[in-house]
Amino acid sequence: MDEALALARRAGEAGEVPVGAVLVGDGERLGEGYNRCIMDSDPSGHAEMVALRQAGQDRQNYRLPGTTLYVTLEPCCMCAGAIIHARVRRVVYGAPDPKTGAAGSVFDLLASPLHNHRIEVRGDVLAGACGHLLREFFRTRRESRAD
């Protein structure tokens, strides 16, 4: 999660919402990413999507079984869908997302019995640090708009 936090800081420095993600499997880092929606003009440029895309291209396979995704913010519905389709085994996230979280906060897509693939979910890992990074980013943004 520390590596995902470092990536989230990079996103924040670039003016993006500070979220970072690292996908690991077989003891190695397979993909990593941070939010790039603004810089890439891409609504799918969430950290999780970037990490999954990188790993899939590297493995030449859209299925990523046996992997664990570490992400600083609870995945949204879009990212949860991609995680399910990629067959990620486990998601570990930092801060819950009380507005759009899809791993138990608002929606629980990752645990839906309607899917044939079940994903182990663990939340609140370094939630304080992850949440602080997000709160400070948005506080700074609000203050700069008030000027």
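Residues numbered from 1 in each chain as written. Predicted model: local features only at pLDDT ≥ 70, side-chain atom pairs only at ≥ 80, totals over all residues. Heavy atoms only, no water.

Peer 1: Before we go on, may I ask you to explain the pattern of salt bridges in this structure?
Peer 2: Pairing between side chains becomes possible if they bear opposite charge and their charged atoms approach one another. Tallied over the entire structure, the rule returns eight salt bridges. A salt bridge links Arg29 to Glu3; the shortest N-O distance between them is 1.9 Å. Within this pair, whereas Arg29 is found in strand β2 (residues 28–34), its partner Glu3 is found in helix α1 (residues 2–13), the two being separated by 26 residues in sequence. Residue classification places Arg29 among the partly exposed positions, given a relative accessible area of 39%. You can call Glu3 partly exposed: its relative accessible area is 43%. Two residues, Arg89 and Glu120, come together in a salt bridge whose shortest N-O distance is 3.8 Å. Taken together, the residues Arg89 in the loop between α4 (77–86) and β4 (90–95) and Glu120 in strand β5 (residues 120–122) connect sequence positions 31 residues apart. Look at Arg89 and you get partly exposed, because its relative accessible area is 39%. For Glu120, a relative accessible area of 42% corresponds to the partly exposed category. (Salt bridge = Lys/Arg side-chain N within 4 Å of Asp/Glu carboxyl O. Helix = DSSP H or I, 4+ residues; strand = E, 2+ residues; numbered from the N terminus. Buried < 20%, exposed > 50% of the residue type's maximum accessible area, 1.4 Å probe, protein only.)

Peer 1: Looking at this model, I keep getting lost on the packing of α1 against helix α5 (residues 127–146). Mind explaining?
Peer 2: When two helices pack together, you describe them by how their axes are tilted relative to each other and by the distance separating the axes. Direction vectors running N to C along α1 and α5 enclose 5°, while the axes themselves pass 11 Å from each other. By the criterion of interaxial angle, the relationship of α1 to α5 is roughly parallel. On α5, the residues that touch Leu5, Ala8, Arg9 and Gly12 of α1 are Ala129, Cys130, Leu133 and Phe137. Residues of the contact of α1 with α5, tallied by class, amount to six nonpolar, one polar and one charged. (Axes fitted to C-alpha atoms, helices over the stretch in contact; angles between N-to-C directions. Parallel < 35°, antiparallel > 145°, perpendicular 65-115°, else oblique. Contact = heavy atoms within 4.5 Å. Nonpolar A, V, L, I, M, F, W, Y, C, P; charged D, E, K, R; others polar.)

Peer 1: Where do I start with the nonpolar core in this structure?
Peer 2: Buried together is how nonpolar side chains tend to be arranged in soluble globular proteins. By size, the foremost hydrophobic cluster in this structure holds 35 residues, and its most contacted members are Leu23, Leu52, Leu69, Ile83, Val88, Val91 and Leu110. For this core, the elements supplying multiple residues, two or more each, are α1, β1 (20–25), β2, α3 (47–59), β3 (68–73), α4, β4 and α5. (Core = buried A, V, L, I, M, F, W, Y, C linked by side-chain atoms within 4.5 Å.)

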